[in-house]
Amino acid sequence: MQNLTMNLKALMNGNIFGNLTDEYLGLINASLELKCLHQAAIETSSEEEDSGCPIFFDSVLCWPRTPPATWAVQPCFAEFKGVKYDTTQNATRYCHLNGVWDNYTNYEECAHHDFPSVSEFEPHVDLPTYIYCIGYILSLTTLLLATVIFFHFKELRCLRNTIHGNLFVTYILSVMVWLTALSLQLTHTSTNAACTLIVILLNYFTLTNFFWMMVEGLYLYTLVVKTFSRTKPHVGLYMAIGWGVPFIFVTLWAIIKAASTPLKPHKMTGLDIECSWMRESLVDWICKLPACAALLANLIFLVRVMWVLITKLRSAENSETKQYRKASKALLVLMPLLGITYLIVLSGPSEGVGSYIFAVVRAILLSSQGFSVSLFYCFLNSEVQNAMRHRFNKWRDKRNIRGNIAHRFQSVDGQLPEKNRGKTPSQKILFLLCILLNNLMP
């Protein structure tokens, strides 16, 4: 398409207008800009140019040839960058007396709707988005509960659970920022500064999530493969890897992104609601490459750990079916913890029914990853279950003791003479001790 645009622009500069292939004509019909350039090329080749401003495309609308000293008027567009606009209003652009267009197109009347209109349900677009929302909200709920359990119960405080808790926190923060960005995008209430801050936070928490998954893989590799190593894992090193290293990469990315992002023009068209920091560029690979490296490291850790596990299972006196069952269970549990699901849905079909199925499966796997991790490593963990069972039994025993004491106080109050009833609890305890001593004495 870029070559076609260059060819059409060349035609406008005076080149001979030849026959376009069917493929080029299809591309022309699919693009408003190419249609505009096509019309300008036809007008140039037919030598029907008159005085006035020529056909011009301002990146939004195609303005027709307009006489000098005249305002060109066109209806506002129905949709632009996914936002619905009021089509009953008009956009204007002035053609100067010398036949040159003004540098500014007036889109002030083309205000977008305050409330998003209810459109028809599009499964290939809407269904994955709904799956992401439902999956992220479910993951957020379970992760919050799991984080409270890990940091509340003292008997669960160890290096392994500390790493799990930090991974849960990165999931929570990244999901909260993602949901905030989605809500601002739907309500169109985001400013440029707020959008920039959200993009930076989303990149940082996403990258910390990948690095804490790598910390999980490194810790597991140290325990299983490097069992007899003299170097013991330290929580400070893991904290530096999980929180510090992503901060360096994101800071470097933000500085270069800010320097490479073009400044906004002084005159705003009223349509520039898209956050420039959301546009993909080569600078984004400063954050993408470390995330890919973390996933690659986890894949290596997983292969080494599974090799040791299978070797130990073969040496044990178990049936082959039982060995495969245990290995499959370990692989299934480790995949979401180490982020291997990202590698599974890294690439897929881009057209047809296969692309739709891939988008749905990808949304299910990625949005439910936080739920899977919290389920396997918190709620189904026997250590966590024993701690919660112990705490529940302790609370139940305290409640039973308090109930027995209250019942004994009532019985003592019934044994007191009528004039001594209603005494304070200390007096009742003293009277109870006197009765016990009296019964024990010969």
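Attention here is on the structure that accompanies the text. (Residues numbered from 1 in each chain as written. Predicted model: local features only at pLDDT ≥ 70, side-chain atom pairs only at ≥ 80, totals over all residues. Heavy atoms only, no water.)

**Digging into the overall build of the protein**
Step number 1: Summing up its helical and strand segments, the protein has 14 helices and seven strands in all.
Step number 2: Counting the 442 residues in the protein, one finds 35% classified as buried.
Step number 3: For the protein, long-range pairs separated by at least 24 residues make up 66% of all intrachain contacts whose partners lie at least 6 apart in sequence.
Step number 4: When the accessible surface of the protein is summed, it comes to about 27,500 Å², and 63% of that surface belongs to carbon and sulfur atoms. (Helix = DSSP H or I, 4+ residues; strand = E, 2+ residues; numbered from the N terminus. Buried < 20%, exposed > 50% of the residue type's maximum accessible area, 1.4 Å probe, protein only. Contact = heavy atoms within 4.5 Å. Areas by Shrake-Rupley, 256 points an atom, 1.4 Å probe, with all protein chains shown as cover.)

**Focus on the packing of helix α7 (residues 235–260) against helix α8 (residues 285–315)**
Step number 1: Between α7 and α8, whose axes approach to 8 Å, the crossing angle comes to 155 degrees. It follows that α7 is roughly antiparallel to α8 by the angle criterion. Facing F249, V250, L252, W253 and I256 of α7, the residues of α8 in contact are I286, C287 and P290.
Step number 2: Its residues placed into classes, the contact of α7 with α8 shows eight nonpolar, no polar and no charged. (Axes fitted to C-alpha atoms, helices over the stretch in contact; angles between N-to-C directions. Parallel < 35°, antiparallel > 145°, perpendicular 65-115°, else oblique. Nonpolar A, V, L, I, M, F, W, Y, C, P; charged D, E, K, R; others polar.)

**Considering the packing of helix α5 (residues 159–187) against helix α12 (residues 369–379)**
Step number 1: In the contact formed by α5 and α12, the axes pass within 11 Å of each other and the chain directions differ by 160 degrees. One finds that α5 runs roughly antiparallel with respect to α12. Handedness of the crossing formed by α5 with α12: left-handed. Taken together, the residues of α12 that come into contact with α5 (itself represented by H164, L167, F168 and Y171) are Q369, G370, V373, S374, Y377 and C378.
Step number 2: Looking at the contact of α5 with α12 residue by residue, the classes come out as six nonpolar, four polar and no charged. (Left-handed = near helix turned anticlockwise from the far one by under 90°.)

**What to know about the pairing of strand β6 (residues 90–95)**
Step number 1: Pairing of strand β3 (residues 70–75) with β6, which is carried by six bridges, proceeds in the antiparallel orientation. Counterpart to T70 in the pairing with β6 is C95.
Step number 2: Direction of pairing for β6 relative to strand β7 (residues 101–106): antiparallel, over a ladder of three bridges. Residue pairing across strands places R93 opposite T105, the latter belonging to β7.
Step number 3: What sits between β6 and β7 in their antiparallel hairpin is a turn of five residues, with G99 showing a positive phi close to 80 degrees. (Pairing = 2+ DSSP bridges.)

**What about the state of the cysteines?**
Step number 1: Scanning the entire structure with this criterion turns up one disulfide.
Step number 2: Note on cysteine connectivity: C53 is disulfide-linked to C95, with sulfurs 2.0 Å apart. A torsion of 95 degrees about the S-S bond marks the disulfide between C53 and C95 as right-handed. Linking C53 in the loop between α3 (32–45) and β1 (56–57) with C95 in strand β6, this pair joins segments that are 42 residues apart in sequence.
Step number 3: The exposure class assigned to C53 is buried, which follows from its relative accessible area of 0%. (Disulfide = S-S within 2.5 Å.)

**Some remarks on the environment of W178**
Step number 1: Structurally, W178 can be placed in helix α5.
Step number 2: Using a relative accessible area of 24% as the deciding quantity, one classes W178 as partly exposed.
Step number 3: Through-space distance from the C-alpha of W178 to that of T206 is 9.7 Å; in sequence the pair is 28 residues apart.

**Here we look at the environment of N98**
Step number 1: Structurally, N98 can be placed in the loop between β6 and β7.
Step number 2: Taking the C-alpha atoms as reference, N98 lies 8.1 Å from A69; in sequence the two are 29 residues apart.
Step number 3: In this structure the side chain of N98 is engaged in a polar contact, spanning 3.4 Å, whose partner is the backbone nitrogen of V100. (Polar contact = N/O pair within 3.5 Å; in protein donor to acceptor, adjacent residues only side chain to side chain.)

**Observations concerning unusual backbone geometry**
Step number 1: Look at A69: it is not a glycine, yet its phi comes out positive at around 55 degrees.
Step number 2: Mapped onto the secondary structure, A69 falls in the loop between β2 (62–63) and β3.
Step number 3: Exposure remark for A69: the relative accessible area of 41% places this residue in the partly exposed category.

**Observations regarding the packing of aromatic side chains**
Two aromatic rings, taken as a pair, are described by how far apart their centres are and by the angle between their planes.
Step number 1: Following the criterion strictly, the structure yields 13 aromatic pairs and no others.
Step number 2: Seen in terms of ring centroids, Y204 and F247 are 6.3 Å apart; in terms of plane orientation they differ by 90 degrees. Their pairing is edge-to-face. Placement of the pair is Y204 in helix α6 (residues 192–224) and F247 in helix α7, with a sequence separation of 43 residues. (Phe/Tyr/Trp six-rings, centres within 6.5 Å; stacked < 30°, edge-to-face > 60°.)

**A closer look at the environment of N209**
Step number 1: When you line up the elements, N209 lands in helix α6.
Step number 2: Along the chain, N209 and A291 lie 82 residues apart, while their C-alpha atoms are 9.0 Å from each other.
Step number 3: If we skip the residues at most four places from it in the chain, N209 touches L167, T170, Y171 and Y342.
Step number 4: Here T170 takes part through its side chain, which lies 3.1 Å from a polar atom of the side chain of N209.

**Topic: a nonpolar patch on the surface**
Step number 1: Nonpolar side chains collect at one region of the surface, where L296, L299, I300, V303, L343 and L346 lie side by side and expose about 540 Å² of accessible area between them.
Step number 2: Counting residues per element, the nonpolar patch draws most heavily on α8, which supplies four residues. (Patch = residues over 30% accessible without salt bridge, like charges linked within 9 Å, V, L, I, M, F, W, Y side chains within 5 Å. Salt bridge = Lys/Arg side-chain N within 4 Å of Asp/Glu carboxyl O.)

**Structural notes on the sheet that holds β7**
Step number 1: Strand order across the open sheet formed by three strands is β3-β6-β7, with antiparallel pairing between neighbours. The sheet is open, and its two edges are formed by β3 and β7, each paired on a single side. Here the strands of the sheet are splayed against their neighbours by 20 degrees on average, with no regard to which way each runs.

**Section: the pattern of salt bridges**
Step number 1: Taken as a whole and assessed by the stated rule, the structure comprises four salt bridges.
Step number 2: Taking the shortest distance from any N to any O, the salt bridge between D58 and R93 comes out at 4.0 Å. Placement of D58 in the loop between β1 and β2 and of R93 in strand β6 is noted, with a sequence separation of 35 residues between them. Exposure class is identical for D58 and R93. Each is buried.
Step number 3: With its nearest N and O atoms 3.8 Å apart, the salt bridge here joins E155 to R391. Here R391 lies in helix α13 (residues 382–415) and E155 lies in the loop between α4 (123–152) and α5, a separation of 236 residues in the sequence.

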